[in-house]
Amino acid sequence: MRYWAMFFAIAIFPQAGLGKDRSHAGQPETLPSAGFASVDVPADDPRLQYTGRFEASDPKHPRCDWPASGIRARFTGGSVSVKLNGGKNNFEVSIDGQARAPIALQDGKDTYALATGLATGEHVLALTKRTEGSGGITTFSGLVLDDGAAVLAPPSRPPWRVQVLGESYAAGYGAEGPSSSCGDRRPYDNAAKTFGAVLARALDAELSLQAISCIGLIHNCGDKVTPSKEPFTAFYKRTLNGSAAPAWNAAAWIPDLVVVTLANNDLDGAVKPTKEQFISGYRAFLADLRASWPGAGFICVAFGFDNADPARNIKREYINDIVAQEIAAGHARTEFLFYGNLPSAPAQQGCNGHPNAAAHQKIADALYPLARKLLPGTPVMPGPRSARGIRTPGSLPIWQGWADGSQPFNILGRWPGRHAETLIRRRSNVRAIDE
């Protein structure tokens, strides 16, 4: 069995700064199939780059289903089409750093025109899977270019690697929803707008995203008993979310940073694990990850809404205790972020109460200083571009609190407004975003 461990950060281009909104107007639309191109680029062409986990036992038809999986290519010519089939999935399209209309896969169709009339010269295409594994497995069978065009050597890979493990928030559930009421959420799911994707772009990092809606580390949402039969631990080692085999080779792609956002579904409902069950299960999960990736730094995240969310303090307490125990056990490169400012007003939410793109942006802003602290050889505060290629986007608001937790200030010179978050440094490894 052959597996591909080829990754790139989602749509990383000089124009794609952390603060820029590249949302699409309206819902994804499917462009007509191309009949104008005549150069086939097979999926096993070594000049193509792959994002996420692909199962490639048939290298000319690799398969994927995790959100944020994708393909990147550098090419010449005035048009490009893609061959995709399988699943009820949507893909984000970017050419030369500019967002194009996303594509929605259709039954009975396998070729989709991505762009025509491009200027003469070189171009860079990035395709990113917007939807979750629940949409099914999609097969990629190559690209189609103009007659006389060619695929070129790929762009350089980013210097860092970020792994995000989580639930619907991390997956981008309804991130582009106009409000909490969306109906069919498929057009609004977008893994490319998640806090993990935004963070990866800011860090100049490759991203791997394993996330499933309604999943918990111990207890899945809606389950009547705990522990659940198939929690997150049953899925995160898979190459394909929807298939138990083949297993993913953790040594194939080793991250510098791991972000874990698992607690919401475990602790939000009436049925939940005990504190002892949750902490022991979470720490066992971290131990398993550390065994595969001993050099990685970790950020453990808990979320809460900006109102009287009954579970917010439970999640905050449990994850805080876990991080304290990890540090006491010698895992000093472990950080805790409590983000307690998720909007509770439906008009400020994505589908079904999930974070929208603006909220994902703010979560990424809060993660950024912790990530910079943990990535080897980089300072906590942003500075000049380092030898390893880290850049600081000028649009990124970063907060660094005084050691006693009082009067946070904006180190980029923009003071917080009335509704801005504040980053409070409770101790060296704990930060809280909470008004």
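First things first, this report covers the structure right here in the doc. This one's a predicted model, so the numbers in the text were calculated from it and none came from an experiment. (Residues numbered from 1 in each chain as written. Predicted model: local features only at pLDDT ≥ 70, side-chain atom pairs only at ≥ 80, totals over all residues. Heavy atoms only, no water.)

1. Description of the overall build of the protein chain
So, point 1. From N to C terminus, the protein chain includes six helices and 24 strands.
So, point 2. Across the 435 residues in the protein chain, those meeting the buried criterion constitute 57%.
So, point 3. In the protein chain, once contacts between residues fewer than 6 apart in sequence are set aside, the share between residues at least 24 apart is 76%. (Helix = DSSP H or I, 4+ residues; strand = E, 2+ residues; numbered from the N terminus. Buried < 20%, exposed > 50% of the residue type's maximum accessible area, 1.4 Å probe, protein only. Contact = heavy atoms within 4.5 Å.)

2. Focus on the packing of aromatic side chains
So, point 1. In this structure the tally under the stated criterion is nine aromatic pairs.
So, point 2. Here the aromatic rings of Tyr-50 and Phe-54 are separated by 4.8 Å at their centres, their planes lie at 75°, and the arrangement is edge-to-face.
So, point 3. Overall, the relative accessible area of 1% leaves Phe-54 in the buried class.
So, point 4. When the ring of Phe-278 is compared with that of Tyr-318, the centres are 6.0 Å apart and the planes differ by 40°; the resulting orientation is tilted. Placement of Phe-278 in helix α4 (residues 275-292) and of Tyr-318 in helix α5 (residues 312-328) is noted, with a sequence separation of 40 residues between them.
So, point 5. The cationic tip of Arg-290 hangs over the ring face of Phe-298; the distance from NZ or CZ to the ring centre is 4.5 Å. (Phe/Tyr/Trp six-rings, centres within 6.5 Å; stacked < 30°, edge-to-face > 60°. Lys NZ or Arg CZ within 6 Å of the ring centre and 35° of its normal.)

3. Let's talk about unusual backbone geometry
So, point 1. Of note, the bond from Thr-226 into Pro-227 is cis; its omega dihedral lies within 30 degrees of zero at 5°.
So, point 2. Put simply, Ala-245 and Pro-246 share a cis peptide bond, and its omega is 0°.
So, point 3. Tracing the chain through its elements places Pro-246 in strand β17 (residues 243-247).
So, point 4. Here the phi dihedral of Asp-204 falls at roughly 60°; this positive angle occurs in a residue that is not glycine.
So, point 5. Asp-204 gets classed as buried once you look at its relative accessible area, which sits at 8%.
So, point 6. In this model, Asn-352 sits at a positive phi of 55°, which is unusual for a non-glycine residue.
So, point 7. Along the chain, Asn-352 falls in the loop between β20 (334-342) and α6 (357-374).

4. Let's talk about the state of the cysteines
So, point 1. Tallied over the full model, the rule gives two disulfides.
So, point 2. A sulfur-sulfur separation of 2.2 Å characterises the disulfide bridge that pairs Cys-182 with Cys-351. Since a negative S-S torsion denotes a left-handed disulfide, the Cys-182-Cys-351 link at about -100° is left-handed. Of this pair, Cys-182 sits in the loop between α1 (168-171) and α2 (195-203) while Cys-351 is found in the loop between β20 and α6, placing the two residues 169 residues apart along the sequence.
So, point 3. Judged by its relative accessible area of 0%, Cys-351 falls in the buried class.
So, point 4. Sulfur-sulfur distance for the disulfide between Cys-214 and Cys-221 comes to 1.3 Å. Residues Cys-214 and Cys-221 share a disulfide whose torsion about the S-S bond is about -85°; that sign makes it left-handed.
So, point 5. The exposure class of Cys-221 is partly exposed, given its relative accessible area of 30%.
So, point 6. Here the disulfide map of the protein chain reads 1-4, 2-3, the bonded cysteines being numbered as they appear in the sequence. (Disulfide = S-S within 2.5 Å.)

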